[in-house]
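Coordinate analysis (summary)
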Amino acid sequence: MNDMICIRGAIQAENTKESIWKETEQLVRQMLEENQLALQEVVALQFTVTKDLDQAYPAVAARKVGLTEAALSCVQEMYVEGSLPRCIRANLWVENGKKQSQARHVYLGGAKVLRPDLAAKQSKNAFAIAIDGPAGSGKSTVAKEVAKELDFVYIDTGAMYRAVSLYCIRKGISPRDGAAVEAALDGFSMELKREAGQMKVFLDGEDVTTTIRTQEVGQGASDVALLLPVREKLVELQRQMAEGQNVIMDGRDIGTNVLPKAQVKVYLVATAEERAKRRVGELEQNGQKAVFATVLQQIEERDHNDTTREHNPLRKAADAVEIDSTHMTIAQVKEAIIDLVKEKREA
Ligand code: DC
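Definitions and cut-offs
Residues numbered from 1 in each chain as written. Predicted model: local features only at pLDDT ≥ 70, side-chain atom pairs only at ≥ 80, totals over all residues. Heavy atoms only, no water. Buried < 20%, exposed > 50% of the residue type's maximum accessible area, 1.4 Å probe, protein only. Helix = DSSP H or I, 4+ residues; strand = E, 2+ residues; numbered from the N terminus. Pairing = 2+ DSSP bridges. Near = heavy atom within 4 Å. Polar contact = N/O pair within 3.5 Å; in protein donor to acceptor, adjacent residues only side chain to side chain. Areas by Shrake-Rupley, 256 points an atom, 1.4 Å probe, with all protein chains shown as cover. Contact = heavy atoms within 4.5 Å. Axes fitted to C-alpha atoms, helices over the stretch in contact; angles between N-to-C directions. Parallel < 35°, antiparallel > 145°, perpendicular 65-115°, else oblique. Left-handed = near helix turned anticlockwise from the far one by under 90°. Nonpolar A, V, L, I, M, F, W, Y, C, P; charged D, E, K, R; others polar. Salt bridge = Lys/Arg side-chain N within 4 Å of Asp/Glu carboxyl O.

A few words on helix α7 (residues 215-224). Within α7, eight of the ten residues are buried, which leaves the element mostly enclosed by the surrounding structure. Within α7, burial applies to V217, G218, Q219, G220, A221, S222, D223 and V224.

This is the structure we're talking about:
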């Protein structure tokens, strides 16, 4: 039998049933994700709640996340004058074969003040890999592999622009209609969640991971990515997601704009013909028909859009290492990136 370890977490909530459940769900999901835990590895989850939160039990939200086997309990946190109000704290007991020193504690929002030592430690030790490059250069395939091998969190920023595109299309808004897209942005809410080791994209709570992969949504993503309000909103989210953890993030402006301090920056390229060939292969594998000349033309249009736009166009960062994947396998590109990480860590 493995030893148990305990992961700590905390978050603040409003004193309503909805808020207590929503914030608890976010906290628990993040604790599970950051520690890459399967539900069956959780033995017990104990909540303490300050006395000013009395409208709901947080354990209800933990059951909703899927913790149906684990022992759950809620007790009141002792009251100390001047202490942080409206706070839910969690002790997550797990058997995951790791040591207590490997636990990643999660303090969110206002509750970060409870453990400034952890926040400082996390951001100091966090390592970021930025991968930029044109559509079809293999960024996401390679980034997923590197994330798995190094145990990093993978953030696919293209999926975020795709989610905005899908959101607009569904609302009957053309992704090219800047004013209408901007007006609709307030209602846009998306999440990237790791489920069973896979990154999933949720739009208003619906899993759209597959839906955003169509050519139409991709073209719309390239269009909404031209708009400054869209970029500002998504870049802020991307920086928040990267905060304090080891990440590999791919996109067009990661090394130049989103994470300019990333320790490793890669500019991944391949010829347009090779990228079109790969895309045709992908579409055919998914049972879709594809004409090489049309796909090549779409890729060239996306390249033009991405490199000539006014705000944060696709560029190689001055300190990025260029890798041309035209004649390389996925494994070779992965190894090249892991070598760069090793070099940086040993330096
Ligand atoms: O990588 P992808 O095909 O999923 O990206 C979709 C579009 O999003 C792409 O045409 C450009 C845009 N994008 C961007 O402008 N900045 C990023 N960081 C990521 C993607």
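Among the secondary structure elements, E18 is positioned in helix α1 (residues 17-34). For the pair E18 and V247, spaced 229 residues apart in sequence, the C-alpha separation works out to 31 Å.

Right, let's get into the pairing of strand β6 (residues 128-132). Taken across its five residues, β6 has five buried, putting it largely inside the fold. Going residue by residue along β6, you find A128, A130 and D132 tucked away on one face and I129 and I131 tucked away on the opposite face as well. Relative to strand β11 (residues 247-251), β6 runs parallel, the two sharing five bridges. Looking across to β11, one finds that A128 is bridged to V247. Here β6 runs beside strand β12 (residues 264-269); their pairing, made up of four bridges, is parallel. Across the sheet, the residue bridging to A130 is K265, located in β12.

Spatial strand order, β8-β9-β10: three strands in an open sheet with antiparallel pairing. In this open sheet, the two strands that pair with only one neighbour each are β8 (190-195) and β10 (206-207). Bridge count for strand β9 (residues 198-203) against β10 is two bridges, and the pairing is antiparallel. From the neighbouring strand, L203 faces β10, where its bridge partner is E206.

This brings us to the site of the ligand. Taken together, the neighbourhood of the ligand is formed by 16 residues, with R162, R231, D253, R302 and R309 sitting nearest. Measuring from an oxygen atom of the ligand, one finds a side-chain N or O atom of R231 at 2.8 Å. Contact with the protein chains removes 95% of the 450 Å² of surface that the ligand exposes when unbound. For the shell around the ligand, the elements supplying multiple residues, two or more each, are α5 (157-170), α7 and α11 (292-308).

What follows deals with the environment of Q263. On the secondary structure map, Q263 appears in the loop between α9 (254-258) and β12. Residue Q263 is classed as partly exposed on the basis of its relative accessible area, which comes to 29%. Distance in space between the C-alpha atoms of Q263 and D3 is 34 Å, their sequence separation being 260 residues. The residues touching Q263, leaving out its near neighbours within four places in the chain, are A126, F127, A128 and K344.

Looking now at the packing of α7 against α11. In contact at an axis separation of 9 Å, α7 and α11 are set at 20° when each is read in the N-to-C sense. Judged on the interaxial angle alone, α11 and α7 are roughly parallel. As for the relative orientation of α7 and α11, their crossing is left-handed in sense. From α7, Q215, G218, Q219, S222 and D223 reach across to α11, where they touch Q298, E301, R302, N305 and D306. For the contact of α7 with α11, the per-class residue count stands at no nonpolar, six polar and four charged.

Next up on the list: the environment of A44. Locating A44 in the fold gives a position in strand β2 (residues 42-49). Looking at A44, the relative accessible area reads 13%, which means it is buried. Those residues within four positions of A44 in sequence are excluded, and the remaining contacts are A70, A71, N91, L92 and W93.

In this section: the pattern of salt bridges. Under the counting rule described, the total for this entry stands at 22 salt bridges. Between R104 and E34 there is a salt bridge, with its nearest N and O atoms 3.8 Å apart. In this pair, R104 is assigned in the loop between β4 (87-94) and β5 (106-107) and E34 in helix α1, connecting sequence segments 70 residues apart. Across the pair D223 and R176 runs a salt bridge whose closest N-O atoms are separated by 3.2 Å. One end of the pair, D223, is in helix α7; the other, R176, is in the loop between α5 and α6 (178-184), and 47 residues separate them in sequence.

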